[in-house]
Amino acid sequence: MNALLFFGRILKLGIAKIGVLIVISSLIVSCNTIKKVGEDELLLTDNILIENGEKIKDDALESLFYQNQNSKLAGIPLRLHIFNLARDNRDSIFKAWVNSNEKRKKRLFRRYSKKQVNEMGNYAMGFNRWLRETGEPPAIIDSSKTEKTRQKIESYYDSNGFFNNTVVDSLVMEKKERRARIYYSITTGNPYFIDSITVNIESPELDSVYQQHKDKSFVKQGKQYKNRDFVLEQARLNELFRNNGFFNFQKNSIHFYPERDTIASHNDYMMPTELYISNRTVRDTGDGNDTASYKIHTVKRVNIFTDNKSISERETANDSIIDGNYHVYSSDELKFRPKALTDATFIIPGTIYSDKARIQTNRSFNKLQTFRYPNIEYDYIGDSDTELEANIFLIPRKRFSIRPKIEFSHSDIQDFGVSGGIDFTARNVFRGAETLQLSLSGTLGSTNDPANNDNRFFNISEIGGDLKLDFPRFFFPFNTEKIIPKYMLPTTQISLGVSLQENIGLDRQNFTSILRYNWDSSLVNSHSFDLINIQFVNNKNINNYFEVYRNSYNELNGIAQDNIGLINTDYLNTEGNLAIPSGTDNFIADILEGRINLSNAEEQEIRNIDERKERLTQNNLIFATSYTFTKNNRQGFLDNNFSQFRTKIEFAGNLLSALSGALNFEKEDDQFKVFDVAFTQYAKTEIDYIKYWQLSTDDALAFRTFAGIAIPYGNSSNIPFARSYFGGGSNDNRAWQAYSLGPGRSGSPNEFNEANFKLAANLEYRFKMFGKINGALFADAGNIWNVSDDTPDEDAVFNGIESLTDIALGTGFGIRYDFGFLVLRLDTGFKTYDPALPENERWFRNYNFSNAVYNIGINYPF
């Protein structure tokens, strides 16, 4: 509860600050931009680049500016205006205000204590400080910074081969007083190019390796001179040599000597270049020789210390010898199977030294989650200057750990939720660095779902548990190393899970069992293969169906009211409507069994209602196999220039279908059943692509597109709710509530609308506003449809290219408050194009605040 109150206070603080900023925004219109610009100072309004007479925009050049104009929002220097609202010497101003009027002073101290009056002053100073920190001081032009920028730009062009460039800065006054812009006029001159390349490598073994890989050089004859190419080539050669046995190679041994003709009249823009790699520097032994040739080193022996015993204590430690040249040491009885440790080691005795092997070994031991970050050192063996032994020092983590957890959440089902639980971890379960994790959790949530009659704030709940066992290798009956070698860090995960819901829809009980194989083919490419993915869904409270799906109830009850004289009065409640569930179920049964005769249209409508009810209340047994490929080149959490591609293919029910005849499965209504539940059979595929562009230090553009389809066949005529798609919500199309978009142009006839085909695209421009407040402008497009299933509504069915006119478009804006550990998000979405409306009314028909959707979310939508 304390954590809940803490989160509430944070939420209140964030919303309060947003409210203050809105009030401030209404005041800044009349603010004077140059309020804090001195009479002899100038406010910088812009930096302008002119290259060879033409105005240019170049992010690389603009990053060199030592001074920039004040940031703007919609053309207004908002943060500057906020800064200008702050007052200098706020403490003395408040004291002067108190003391300037004796009556005021007496009145204040009569009403409030001295401490309270002082608190007023502290509040005034605190708010003034917040204005300064949130705001941005005026960008005053500094001639020394202008000169530094000019020199930086000049050096930039030098580094790109324009050695004869000139850069001139000039100040241009604006029409408004005390404002100016700075022009940087660049004359590039002719670029220089790389001419012939000579190579001089003192160490013969080094030269031999270089000659085998010189075709991959970044520095090539005929290319324009660029400093970056020489930096890349130096890094390439350093990596090449250190991965081909040269343990002691020094990067500063690599030298490039390009020669430039400085006599302008010669008009010679070709630069002969020498690559010179010197011998390594060594300590002078007295013979006057302080250099030595580089030689290839070989790793002869690998020592693994499982409790970080130093080499000096090796004689007293227990030594397990594996394959002759692997030695595993332990101060006491060895707690790990030696092969589990050698399998995680990529440093192989008898091979040449490689930095890559060291890095892969580090990564491999880290992924085991059994040891802290390993330390790897190399020593020479005896008097040899080419033979090494590798020493791997490991510090085991605690074998057992317990971690309580609490989480706050917002989803398409619950307005607010708080979860508590406990994670128990056991490491090295079978002495092979396996990890066992048991997670138990419980969730209390709040929802305004009209189907939920519980008026308490926390009116829904869910409890669950997950048991996972991770193996640091493929748990398979035959050797798979030739297919997926160990450098891909293959792992096996066996998991069991259960979740039980209360007052959420039909009170679903969900049981899962998964056998999953994961591996990384590179630093950016990862793979996941679910050999077995079993899910059993038991809808415990199917009698609640018409309470949850009120639209279906209203349609059914409407037909009943139109034929009230034919209905058994026992089917009605005290208000004269169909009672749930007895009245609804009996009324449907009377129609379908012919005891009550209605019009053909009404009978068909009731059949559709019943079929949908049967589909959404039936229990599901899903026995699936899937493969997922992900390519993600993001370098870290702060990287805003990356892309992520994910694709998945999944098949369900094929194995059970193949076994149905041989095992004589029960068959009812043309469906085979296992344990009295019809198993699901379908094929499903998804493609998801995300791309981020960092436009500047304060703004970024994010894009996502998604396509997914699931086709039922064989034992199924539709897709289970748990594997279907929906549209709308805070992470999808934000102009529609979750489950309220689609299918197609049907107008969302149900409370929880879902289908088996989805297209979606999102574009979001994110920008910094002030302090921890960020803003966003977004456009969300997409919809869901039914394809190749038993849905009778033609408006919900995808019929090819013509159905693309059903793609809905929502646009809007968002405000985000960054707490550091999470981002609180408020997005407002407007229905820009609504396919559910008549064709001539779809654009901007409900584009207003009264029909807007307000989404509260935690963290970014993608």
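Residues numbered from 1 in each chain as written. Predicted model: local features only at pLDDT ≥ 70, side-chain atom pairs only at ≥ 80, totals over all residues. Heavy atoms only, no water.

**Here's the deal with the overall build of the protein**
- Looking only at helices and strands, the protein features 16 helices and 34 strands.
- Burial statistics for the protein: of 862 residues in total, 43% are counted as buried.
- Long-range contacts, defined as pairs at least 24 residues apart, comprise 65% of the intrachain contacts of the protein with a sequence gap of at least 6.
- Looking at the protein as shown, the accessible area adds up to about 45200 Å², and 52% of this sits on carbon and sulfur atoms. (Helix = DSSP H or I, 4+ residues; strand = E, 2+ residues; numbered from the N terminus. Buried < 20%, exposed > 50% of the residue type's maximum accessible area, 1.4 Å probe, protein only. Contact = heavy atoms within 4.5 Å. Areas by Shrake-Rupley, 256 points an atom, 1.4 Å probe, with all protein chains shown as cover.)

**Some thoughts on the packing of helix α14 (residues 582-592) against helix α15 (residues 600-617)**
- Put simply, α14 and α15 touch, their axes get as near as 10 Å, and they point 125° apart. Accordingly, the angle class assigned to the pair α14 and α15 is oblique. Relative to α15, the crossing made by α14 is left-handed. Where α14 approaches α15, its residues D585, F587, I588, I591 and L592 are matched on the opposing element by E603, I606, R607, D610 and K613.
- Of the residues in the contact of α14 with α15, the class split is 5 nonpolar, no polar and 5 charged. (Axes fitted to C-alpha atoms, helices over the stretch in contact; angles between N-to-C directions. Parallel < 35°, antiparallel > 145°, perpendicular 65-115°, else oblique. Left-handed = near helix turned anticlockwise from the far one by under 90°. Nonpolar A, V, L, I, M, F, W, Y, C, P; charged D, E, K, R; others polar.)

**Examining a nonpolar patch on the surface**
- Taken together, the side chains of I402, I422, L438, L440, L467 and L496 define a hydrophobic patch exposed on the protein surface, amounting to about 500 Å² of accessible area.
- With respect to the helices, strands and loops of the structure, L496 is situated in strand β20 (residues 491-502).
- For L496, a relative accessible area of 46% corresponds to the partly exposed category. (Patch = residues over 30% accessible without salt bridge, like charges linked within 9 Å, V, L, I, M, F, W, Y side chains within 5 Å. Salt bridge = Lys/Arg side-chain N within 4 Å of Asp/Glu carboxyl O.)

**Side note on the sheet that holds strand β6 (residues 254-258)**
- The strand order β5-β7-β6 describes an open sheet built from 3 strands, whose pairing is mixed. Every interior strand has two partners, whereas the edge strands, β5 (193-201) and β6, have only one. Direction aside, the axes of adjacent strands within the sheet are offset by 20° on average.
- Pairing between β6 and strand β7 (residues 270-277): 5 bridges, direction antiparallel. Note on β7: the bridge partner recorded for H255 is Y276.
- Taken strand by strand, helix α8 (residues 204-213) contacts β5 and β7, and its axis lies near 140° from that of β5. (Pairing = 2+ DSSP bridges.)

**Here we look at the pattern of salt bridges**
- One pass over the full model with this rule turns up 41 salt bridges.
- Ionic pairing is found between D423 and R403, a salt bridge with its closest N-O pair at 2.9 Å. Note that D423 is positioned in strand β17 (residues 416-427) and R403 in strand β16 (residues 400-409), a separation of 20 residues in sequence.
- Taking relative accessible area as the criterion, D423 reaches 11% and is therefore assigned buried.
- A salt bridge links D585 to K613; its shortest N-O distance comes to 3.9 Å. A residue pair is termed long-range when its members are at least 10 positions apart, and D585 in helix α14 and K613 in helix α15 qualify at 28 residues.

**Considering the confidence of the model for the protein**
- Across the protein, the average pLDDT comes to 85, with 87% of residues at 70 or higher.
- In this model residues 1-18 is a low-confidence stretch, pLDDT under 50, and it forms 17 contacts with partners more than four residues away in sequence or in other chains. (pLDDT = per-residue confidence, 0-100.)

**A few points about unusual backbone geometry**
- The step from I580 to P581 runs through a cis peptide bond, and the omega angle for that step is 5°.
- As for its placement among the helices and strands, P581 is situated in the loop between α13 (550-562) and α14.
- With omega at 0°, the peptide bond leading from G742 into P743 counts as cis.
- The residue P743 is located in the loop between β29 (699-712) and β30 (757-770) in this model.
- For N859, which is not a glycine, the phi torsion comes out positive at approximately 70°.
- Within the secondary structure, N859 sits in the segment after β34 (853-858).

**A short note on helix α3 (residues 78-85)**
- With respect to burial, α3 is a largely interior element, 7 of its 8 residues being buried.
- Those residues of α3 that sit buried are L78, R79, L80, H81, I82, F83 and N84.

**Some thoughts on the sheet that holds strand β4 (residues 179-187)**
- The strand order across the open sheet formed by 4 strands is β2-β1-β4-β3, and the pairing between neighbours is mixed. The strands lining the two open edges of the sheet, one partner per strand, are β2 (54-56) and β3 (166-173). This sheet shows a mean twist of 35° between the axes of neighbouring strands, independent of strand direction.
- Direction of pairing for β3 relative to β4: antiparallel, over a ladder of 8 bridges. Residue M173 lies in a different strand from β4, and its bridge partner there is A180.

**Some points on the side chain of N279**
- Summarising the element assignment, N279 is placed in the loop between β7 and β8 (280-281).
- Taking the relative accessible area as the measure of exposure, N279 reaches 14% and is therefore buried.
- Looking at N279, its side chain comes within polar contact range of the side chain of S203, at 2.6 Å.
- Not counting residues up to four positions away in its chain, the partners in contact with N279 are E202, S203, S253, T291, A292, S293 and Y294. (Polar contact = N/O pair within 3.5 Å; in protein donor to acceptor, adjacent residues only side chain to side chain.)

**What about the packing of aromatic side chains?**
- Enumeration according to the criterion identifies 47 aromatic pairs in this entry.
- Judged by centre distance (5.1 Å) and plane angle (75°), the ring pair of F474 and Y517 falls under edge-to-face. Note that F474 is positioned in the loop between β19 (460-471) and β20 and Y517 in strand β21 (residues 508-520), a separation of 43 residues in sequence. A single burial state applies to F474 and to Y517, both of which are buried.
- An angle of 55° between the planes, with centres 4.8 Å apart, marks the rings of Y817 and F819 as tilted. (Phe/Tyr/Trp six-rings, centres within 6.5 Å; stacked < 30°, edge-to-face > 60°.)

**Focus on the side chain of E603**
- Relative to the assigned elements, E603 resides in helix α15.
- Although E603 lies buried, it forms no salt bridge, and the closest oppositely charged side chain, R607, sits 4.6 Å away as judged by the N-O distance.
- Polar contacts involving the side chain of E603 include one to the main-chain amide nitrogen of L598, which spans 3.5 Å.
- For E603, the contacting residues outside a window of four places in its chain are I591, I596, N597 and L598. (Lys, Arg positive; Asp, Glu negative; His and termini not counted.)

**Considerations on the environment of P204**
- Here P204 is to be found in helix α8.
- Measuring from C-alpha to C-alpha, the distance between P204 and S293 comes to 7.8 Å, with 89 residues separating the pair along the chain.

**Some thoughts on the packing of α8 against helix α9 (residues 227-242)**
- Running from N to C, α8 and α9 point in directions that differ by 120°, and their axes come no closer than 11 Å. Viewed along their axes, α8 and α9 form a crossing whose handedness is right-handed. Here α8 contributes L206, V209, Y210 and H213 to the contact with α9, which in turn contributes R236, L237, L240 and F241.

**Thoughts on the environment of P861**
- Mapped onto the elements, P861 comes out in the segment after β34.
- Owing to a relative accessible area of 8%, P861 belongs among the buried residues under this scheme.
- As a C-alpha pair, P861 and R704 span 157 residues in sequence and 9.9 Å in three-dimensional space.
- With sequence-adjacent residues up to four places away left out, P861 is seen in contact with R704, S730, N731, R734, E764, R766, R816 and R825.

**A word on the pairing of strand β1 (residues 43-51)**
- The buried fraction of β1 is high, at 7 of 9 residues.
- The sheet contact formed by β1 and β4 spans 8 bridges and is parallel. In the strand pairing of β4, L49 is matched with Y184.
- As paired elements, β1 and β2 share 3 bridges and run antiparallel to each other. Among the inter-strand pairings, E51 is bridged to a residue of β2, identified as E54.

**Looking at the pairing of strand β10 (residues 298-305)**
- Pairing analysis gives 7 bridges linking β10 to strand β15 (residues 387-393), with the strands arranged parallel. Bridge pairing links R301 to E389 in β15.

**Concerning the environment of N620**
- Within the element layout of this structure, N620 appears in strand β23 (residues 620-632).
- Using a relative accessible area of 6% as the deciding quantity, one classes N620 as buried.
- As a C-alpha pair, N620 and T680 span 60 residues in sequence and 6.8 Å in three-dimensional space.
- Setting aside residues up to four positions removed in sequence, N620 forms contacts with Q535, F536, V537, V677, T680 and P720.

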